[in-house]
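Per-entry structural report
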Amino acid sequence: MKRESFKSRLGFILVSAGCAIGIGNVWRFPYVTGQNGGGIFVLFYLIFLVCMGLPVLTMELAVGRASRKSAVMSYKALEKEGSKWHIHGWIAMLGCYMLMMYYTTVSGWMVAYFFKFLKGDFTSGMNTDDTAAAFGNMLADPKQMAFWMIVTVVLGFLVCSRGLQNGLEKISKFMMSALLLLIIVLAVHSITLSGALEGVKFYLVPNLDAVSEIGIKNVITAAMNQAFFTLSLGVAAMEIFGSYMGKDCTLAGEGAKICALDTFVAIMSGLIIFPACFSYGVEVDAGPSLIFITLPNVFVNMQGGRIWGCLFFLFMTFASFSTVIAVFENIMSFAIDMFGWSRNKAALINGVIILIASMPCVLGYNMWSNLHLIGGRDVLDSEDFMVSNLLLPIGSLVYLLFCVTKWGWGFDKYLAEANKGTGLGMSPRFKIYFQFILPMLILVILLVLLAAFLILRFTGVGGLDSASFETQRNAKIRSEMQHALSSVNNLSRLGATSTSSVLARVRQYVHGIEVVNDLNVSMYGEVGRLYDVSTFDNIYAIIDNYDSCLASGQKVNDALSKLTDAINQLNTLTNAVLNNTSATDTTAE
């Protein structure tokens, strides 16, 4: 069967950039930039993107273009006889499947929120508690969660079933063009808000005081991590597009364009978020709480907020869905190459596999909310940990070693493939750097991630320094609080047979917040206490009272009402606590 190819060079660049551009560009990059010295962090990020991200990107593309095959078969085509490099191809595909096990759910959240804003579910006057409750209600509803995940998966495989040029390339061209237009419109609107300039300064102006407080070593480490992970290298997600591209242009030149688009979207996302949050006096955070709690709270309080909310979540839908269909294409190409399936058969079978495999993530916030796996993480975070902290860096190291060592494909063959065509070339003088220095840098990232995991495993909060501790501490508190809210919402909808286990989970989540509070005190002393001891004692007493009422069958509704009020009050207190932690942390230091 003749290998498919992209219809145009622009199609290759936009599809590859769409794979790299994802949710992390929006909910992580701006926050990390703002917390790590603004422009200084961006400078280090760009340096590491060129020194680390771009070389490994060209290696994945080179393996794909030289072999014209998908992950496993590409290794087999290029490796020396008797070697086992192709085993990593299977591991890379496992990474793609695992990535889609949770990414399809999160992408579904984006679509859901687009329609929520379109229908007017978010109204003027809502506060952080209201938007947090809306997000919690969605997480607590398995039917709603499953519906949007299914929509994402079905549409994704439907697009890919139409072929490379008529499906993936055509849709990606449209979505990426619309995404770039939307992000410019949103950023311009955000920058023109009253008081927005302070947000721009905090985000991008070099802040030596912040660097001094955090430590230059930690800023450099954060920049290195962000530059390395932003391109999603290591699981053959880019390799497959190398197998579809022509040989008219050098890989470094094409890779630089992909990196530029990825960085543009990441930086522009911050120009949407920080000016808007500063304009409305809202604390900027990271992760799902930023996208689904903080920003909706900003949109509902600005003029024309319903429209701006729709446009933002349309942008997020395109950003996430472009990654989904790119990875689906990799999965389908693997099945076509390995098993000789037709494109439609590969779409159908893999669609069923992904639908089933995505259900644990869907249920992990409601029916299986008591399921905690790696280091106490929930299902989604455990799957993300496996992909981001293990499969991506280890896979990138394998591709690197395969391309530059004599035991693999070899540096000379890689360099010859990378420099075919016109454009930016790679110098043979990089050989020593690629063979010895770059592998060490990737190993440093792996060791940092391992150390962070061990700290998380034994303390419940990750991080290697005070700044990252505080970030992870706040994320841990928000996560436990969100789970507690979801579980309490479930209590009123469940029968007596399920209530006891859910009530136990409410106690567990409250205890999780208490543990973080105690850990903060152990680090900073009494000045670091975020909650009074009596806060938790009172809630435990209310939980015990509800449990007693359940056993006796008396005053159950009154007891549930008191418990719901107590958890909502704890949520209000938590929002106030986290909005004031910057002052607390400064005092503590």
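Residues numbered from 1 in each chain as written. Predicted model: local features only at pLDDT ≥ 70, side-chain atom pairs only at ≥ 80, totals over all residues. Heavy atoms only, no water.

Here we take up the pattern of salt bridges. Going through the model one piece at a time under the given rule, you end up with 12 salt bridges. As a salt-bridge pair, K257 and E254 come within 3.8 Å of each other at their nearest N and O atoms. Here E254 and K257 lie together in helix α14 (residues 251–279), a separation of 3 residues that amounts to about one turn. A relative accessible area of 35% places K257 in the partly exposed class. (Salt bridge = Lys/Arg side-chain N within 4 Å of Asp/Glu carboxyl O. Helix = DSSP H or I, 4+ residues; strand = E, 2+ residues; numbered from the N terminus. Buried < 20%, exposed > 50% of the residue type's maximum accessible area, 1.4 Å probe, protein only.)

With that settled, the discussion passes to the confidence of the model for the protein. Averaged over the protein, the pLDDT score is 87; the fraction of residues at 70 or greater is 90%. Across residues 460–467, confidence stays below pLDDT 50; counting only partners more than four residues off in sequence or on other chains, it has 28 contacts. In this model, residues 582–589 is a region of pLDDT below 50 whose contacts with residues beyond four sequence positions or in other chains number 12 contacts. (pLDDT = per-residue confidence, 0-100. Contact = heavy atoms within 4.5 Å.)

Before going further, it helps to examine the environment of V159. Among the secondary structure elements, V159 is positioned in helix α8 (residues 142–161). On a C-alpha basis, the gap between V159 and F328 in space is 9.5 Å, while along the polypeptide they are 169 residues apart. Residues within four places of V159 in sequence aside, it is in contact with G167, L168, I171, F321 and I325.

Residue position: G125 is located in the loop between α6 (87–119) and α7 (128–139). A relative accessible area of 54% means that G125 is categorised as exposed. Residues G125 and N301 lie 176 residues apart in sequence; the distance between their C-alpha atoms is 6.3 Å. Not counting the four nearest positions on each side in its chain, G125 is found in contact with D130, V300 and N301.

All right, on to the nonpolar core then. Counting residues in hydrophobic clusters, the biggest one holds 175 residues, and the most contacted among them are W109, F241, I291, F312, F315 and Y414. Among the elements that line this core, the one with the most residues is helix α16 (residues 305–339), at 19 residues. Sequence-distant contacts of F315, defined by excluding residues within four places in its chain, comprise V26, L179, L182, I183, L186, V265 and S269. Counting 28 residues, the second largest nonpolar core, distinct from the first, contains L491, Y540, L570 and L578. (Core = buried A, V, L, I, M, F, W, Y, C linked by side-chain atoms within 4.5 Å.)

To continue, consider the packing of α6 against helix α15 (residues 288–299). The relative placement of two packed helices comes down to the angle between their axes together with the axis-to-axis distance. Between α6 and α15, the shortest axis-to-axis distance is 12 Å and the interhelical angle comes to 10 degrees. Viewed along their axes, α6 and α15 adopt a mutual orientation that is roughly parallel. Contacts from W109, M110, Y113 and F117 in α6 reach P288, I291, F292, P296 and F299 in α15. The residue makeup of the contact of α6 with α15, split by class, is 9 nonpolar, no polar and no charged. (Axes fitted to C-alpha atoms, helices over the stretch in contact; angles between N-to-C directions. Parallel < 35°, antiparallel > 145°, perpendicular 65-115°, else oblique. Nonpolar A, V, L, I, M, F, W, Y, C, P; charged D, E, K, R; others polar.)

Attention now goes to helix α10 (residues 196–204). Those residues of α10 that fall on the buried side of the exposure criterion are A196, G199, V200 and Y203. Buried positions in α10, seen along its axis, are confined to an arc of 100 degrees and lie on one side of it. Buried-residue contacts for α10 involve α3 (29–35), α4 (39–67), α9 (164–191) and α14. (Arc of directions from axis to C-beta.)

Right, let's get into the packing of aromatic side chains. Applying the stated criterion across every chain, the model contains 44 aromatic pairs. Seen from their ring centres, F6 and F241 are 6.2 Å apart, and the 45 degrees between their planes marks the pair as tilted. Remark: F241 occurs in helix α13 (residues 239–242) and F6 occurs in the segment before α1 (9–20); sequence separation between them is 235 residues. With 5.8 Å between their ring centres and 35 degrees between their planes, F430 and F434 make a pair best called tilted. Aromatic ring contacts, followed pair by pair, group W109, Y113, F117, F122, F135, F292, F299, F312, F313, F315 and Y365 into a single cluster. (Phe/Tyr/Trp six-rings, centres within 6.5 Å; stacked < 30°, edge-to-face > 60°.)

Once that is clear, we can look at the side chain of T535. Among the structural elements, T535 can be located in helix α23 (residues 533–552). Overall, T535 belongs to the buried group, its relative accessible area being 18%. In contact with T535, not counting residues within four places along its chain, are L570 and L573.

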